[in-house]
Amino acid sequence: MTTTLSNHSTTLTGWGRTDPSTALLCSPSAVEQIQSAVATATPASLIARGLGRAYGNPAQCSGGTVLELTEVNHIQLDAANGCVTCGAGASLDAVLRVIVPAGFFLPVTPGTRNVTIGGAIAADVHGKNHHGEGSFANHVHWLKLVDGNGQLRLLSPSDPATAEAFWATAGGMGLTGVIVEACFRLIPISSSLISVDTTRFRELDALMAAMVEADASYRYSVAWVDSLNPAGRGVLTCGDHASREQVEGHAADPLHYDPKALAGAPSLLPGGLLNTWTVRAFNEAWYRKAPKQREEELQAISPYFHPLDGVSNWNRIYGPAGFLQYQFAVPDAAAHLVHTTLEALRRVGAPSFLTVLKRFGPSNPGPLSFPMPGWTLAADVSAAVPGLFELLDQLDEQVAEAGGRLYLAKDSRQSATMLERSYPRLHEWRQQRALLDPRGVFSSDLAQRVKL
Ligand SMILES: Cc1cc2nc3c(=O)[nH]c(=O)nc-3n(C[C@H](O)[C@H](O)[C@H](O)COP(=O)(O)OP(=O)(O)OC[C@H]3O[C@@H](n4cnc5c(N)ncnc54)[C@H](O)[C@@H]3O)c2cc1C
């Protein structure tokens, strides 16, 4: 029996806490409630939301209705077939608590486990293994979507009749419908520890050369870069799941998983007010803390994959103006834009303690999927830095010129022109979107800004 969906007016932001807007917020717990909300919605009035970890405003719908999916959160592990079926509102955190003790890991995990399965598919999130294993949607067997007519559809990348709709939904930022359930494959593991090799580099070119080499030898790789250091020094950490033999004597239960006890992250953040001096002190300490070279260090899942999750609400250290993350992907031929961007951010005095460089492998068939072979740089910066927005507009030009693009899940400022230029398969996505949502029910503050 369908129960009436209650709602209340709420002001929402993304993780960066910029651009608040007010909408009616509902938390459906049954698919029928979602179908009925969609069927009775007016054009451009509805968007799904997960845990609000996208930085900008894709999970907001000013003056409309936001369907928060977190109560649709069942998790069913199929160990025999190495896959899991989840409600779209189940968080990666909740999924990990079920699958790790059973000897499985997520095929892809972003830098936080506080995202939902729906959010992971809608943004087609990537992790430290994109160079070898692609993004989240590459591992999804099927998903169920409530389309713009309120109809429940089963979409699968392996079914020619629904593959295009599936790939428009993966990376489609909630604009093709509401994902309510998905089944995806898992990685079998024999321990919950990661064997990590760490190397410190005094300058960026050497770091980047080592990252290209690491592509072939490591499942996971990521570099932290000291954004304030003119040479671009950094720390490269590469890893893979440790075998049973490697963890012998280290843990009574090799598949033990308790992220709270193991996080150990609070000392990570610069203390007090965030400014060039506190970030400089933090970056210095962070660089020095890393060994020049260390091999096969055993680390728990949380410190390696989700180091900031141990500090709740760390996004508040940027103060009331909030912050944004500038994340682009560029082909190998435009590797110089990593230098250019870091230098430009230093020039306007935008201190960043979280600047991360990763390698990307091949794109997937999603017309709006972000990754492309080459480099991705992500830098968190305070939205209050004078001249920042003008500078980023100039950098956008160079990124687009080089055949690169910005990540919609991190975006809070790019223009419609930038999006149009940098996502060359946008027209394909628009065609599929029109089929899935002919009345144009789904929209978001992001969609309004970039004219999606
Ligand atoms: C600390 C931190 C680290 C991060 N690291 C990474 C990283 O390494 N790699 C990466 O790719 N991303 C990363 N992200 C971004 C994050 O993974 C994505 O923004 C993700 O989409 C957030 O999921 P969510 O459940 O919070 O979704 P929300 O932020 O609530 O929504 C994001 C988008 O998904 C849509 N959506 C959500 N649920 C549904 C649904 N059920 N049906 C249809 N559409 C839906 C929304 O409409 C919106 O467009 C990071 C974010 C943070 C805060």
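Residues numbered from 1 in each chain as written. Predicted model: local features only at pLDDT ≥ 70, side-chain atom pairs only at ≥ 80, totals over all residues. Heavy atoms only, no water.

Asks: A description of the site of the ligand should follow, citing residues and the corresponding values.
Replies: Every one of the 35 residues lining the ligand counts as a neighbour, but A48, G50, R53, T116 and Y407 are closest to it. A distance of 2.9 Å separates an oxygen atom of the ligand from a polar backbone atom of M173. Burial of the ligand by the surrounding chains reaches 97%, relative to a free accessible area of 960 Å². Of all elements in the fold, only β3 (46–49), α3 (117–122) and β10 (178–185) reach the threshold of two or more residues within the shell around the ligand. Residues of the shell around the ligand, tallied by class, amount to 21 nonpolar, 10 polar and four charged. (Near = heavy atom within 4 Å. Polar contact = N/O pair within 3.5 Å; in protein donor to acceptor, adjacent residues only side chain to side chain. Areas by Shrake-Rupley, 256 points an atom, 1.4 Å probe, with all protein chains shown as cover. Helix = DSSP H or I, 4+ residues; strand = E, 2+ residues; numbered from the N terminus. Nonpolar A, V, L, I, M, F, W, Y, C, P; charged D, E, K, R; others polar.)

Asks: Lay out the nonpolar core with the relevant residues and their values.
Replies: In terms of nonpolar packing, the biggest core is built from 70 residues, with V95, F105, I117, I121, F136, F184 and L452 touching the most fellow members. Leaving out residues up to four positions away in the same chain, F184 has contacts with C83, V84, C86, V95, L106, P107, I117, F136, H139, V140 and H141. By size, the runner-up hydrophobic cluster in this structure holds 37 residues, among which are A334, L337, W375 and L395. (Core = buried A, V, L, I, M, F, W, Y, C linked by side-chain atoms within 4.5 Å. Buried < 20%, exposed > 50% of the residue type's maximum accessible area, 1.4 Å probe, protein only. Contact = heavy atoms within 4.5 Å.)

Asks: Could you give an account of the environment of G16, naming the residues involved and the relevant values?
Replies: Along the polypeptide, G16 turns up in the loop between β1 (7–12) and β2 (21–26). G16 gets classed as buried once you look at its relative accessible area, which sits at 0%. Separated by 73 residues in sequence, G16 and G89 place their C-alpha atoms 21 Å apart.

Asks: Give me the lowdown on the pairing of strand β13 (residues 220–225), citing residues and values where you can.
Replies: Counting buried positions along β13 gives six out of six residues, so the element sits mostly inside the fold. Side chains Y220, V222 and W224 project from β13 onto one buried face, and the interleaved S221, A223 and V225 project onto a second face that is buried too. Taken together, the six bridges between β13 and strand β14 (residues 234–241) define a ladder with antiparallel strand orientation. Each bridged residue has a counterpart across the sheet, and for S221 the counterpart in β14 is C238. (Pairing = 2+ DSSP bridges.)

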